[in-house]
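# Tertiary structure, described
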Amino acid sequence: MSEMVHALLLATMGGITIPLGGYLAAFEDIRPRWLEQEFRHAVIAFGGGALLAAVALVLVPEGTSHLHPLAALAAFAAGGIVFFAADRFVQQRGGSGSQLMAMLLDFVPESLALGAMLAAGEPAGLLLALLIALQNFPEGFNAYREIIQSGDVPSRRVLRAFSAIVVLGPLAALGGFVFLEAYRQVLSAIMLFAAGGILYLTFEDIAPQAKLSKHWAPALGAVAGFLLGLAGHLALH
């Protein structure tokens, strides 16, 4: 199997968990009621863990390895700020698509990075593929529930849209495989941008103990805190 086909297959597998999460969320009225609530919170927490793992284990270590420290910090900060701006934009217009937007904002750049890393033969590419699949499942679950609860879109249409989104993964991976493998600094900037955005997403939409409803300062504070820690880490290397 060629490396390109391998990259496309892994990106597709990572994307398939999006509609799978949506199909699971379509099952309502789990009994007893407390189990339904516990299950949903467990899915959300699982997604947060997978997102943080992608940041800590792949995106930041790989991203900082080919960039000047100041450029790395700028890319990470830009990701947090852009995700914040996009989140606020959606919330001001009703908020029913915020989870879907967040899912796409991290799925596409991660798939780009996946393709480029596999083209370079980096073992971390396989880890990233696994983490993409793990995080897309709860994100699909949460996005489905958010859209359905808004009452604007029928269930079948949501699930069909989620199935169509899967193709974005291999398309992005193909782009990364063909165009980004030779441009390591660009790839590193994309990875750190995604890392900053994912950290914002984790603390704004996923970590319930850190979130104040419709307040963005705690999540931005989390991005700033990680940014300062990253600055200290880079200063020592």
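Here the structure is shown first, and the text comes after it.
Here we summarise the structure given alongside this text.

Parameters and conventions
Residues numbered from 1 in each chain as written. Predicted model: local features only at pLDDT ≥ 70, side-chain atom pairs only at ≥ 80, totals over all residues. Heavy atoms only, no water. Axes fitted to C-alpha atoms, helices over the stretch in contact; angles between N-to-C directions. Helix = DSSP H or I, 4+ residues; strand = E, 2+ residues; numbered from the N terminus. Parallel < 35°, antiparallel > 145°, perpendicular 65-115°, else oblique. Left-handed = near helix turned anticlockwise from the far one by under 90°. Contact = heavy atoms within 4.5 Å. Nonpolar A, V, L, I, M, F, W, Y, C, P; charged D, E, K, R; others polar. Core = buried A, V, L, I, M, F, W, Y, C linked by side-chain atoms within 4.5 Å. Buried < 20%, exposed > 50% of the residue type's maximum accessible area, 1.4 Å probe, protein only. Salt bridge = Lys/Arg side-chain N within 4 Å of Asp/Glu carboxyl O. Phe/Tyr/Trp six-rings, centres within 6.5 Å; stacked < 30°, edge-to-face > 60°.

### What to know about the packing of helix α1 (residues 3-25) against helix α6 (residues 155-165)
For any two helices packed against each other, the geometry is given by the interaxial angle and the distance between the axes. Viewed as axis vectors pointing N to C, α1 and α6 meet at an angle of 160°, and their least axial separation amounts to 7 Å. With respect to their mutual orientation, α1 and α6 come out roughly antiparallel. You can see that α1 and α6 cross each other, and the crossing is right-handed. Between α1 and α6, the residues in contact are I18, P19, G22 and Y23 and L159, F162, S163 and I165, respectively. Taken together, the residues of the contact of α1 with α6 break down into six nonpolar, two polar and no charged.

### Details of the nonpolar core
In this structure, L59, V60, F76, L114, L128, F162 and M191 are the most contacted members of the largest nonpolar core, which totals 59 residues. Leave out the neighbours within four places in its chain, and V60 touches V55, F76, L192, A195, F226 and L230.

### So, the pattern of salt bridges
Taken as a whole and assessed by the stated rule, the structure comprises one salt bridge. Taking the shortest distance from any N to any O, the salt bridge between E122 and R184 comes out at 2.5 Å. Here R184 lies in helix α8 (residues 184-206) and E122 lies in the loop between α4 (98-119) and α5 (124-150), a separation of 62 residues in the sequence. Here E122 and R184 have matching classes, each one buried.

### Section: the packing of aromatic side chains
By the definition in use, this model includes two aromatic pairs. With a centroid separation of 6.3 Å and an interplanar angle of 70°, the aromatic rings of F83 and F193 are classed as edge-to-face. Here F83 is found in helix α3 (residues 69-92), whereas its partner F193 is found in helix α8, with 110 residues between them in sequence. Exposure remark for F83: the relative accessible area of 2% places this residue in the buried category. Between F84 and Y200, the ring centres sit 6.2 Å apart and the planes meet at 70°, which makes this aromatic pair edge-to-face. Here Y200 lies in helix α8 and F84 lies in helix α3, a separation of 116 residues in the sequence. Of the two residues examined, F84 and Y200, each falls in the buried class.

### A few points about the environment of F46
Structurally, the position occupied by F46 is in helix α2 (residues 33-64). F46 sits in the partly exposed class, given a relative accessible area of 41%. Residues F46 and F137 lie 91 residues apart in sequence; the distance between their C-alpha atoms is 9.4 Å. Each residue touching F46, except ones within four places of it in the same chain, is listed here: L134 and P138.

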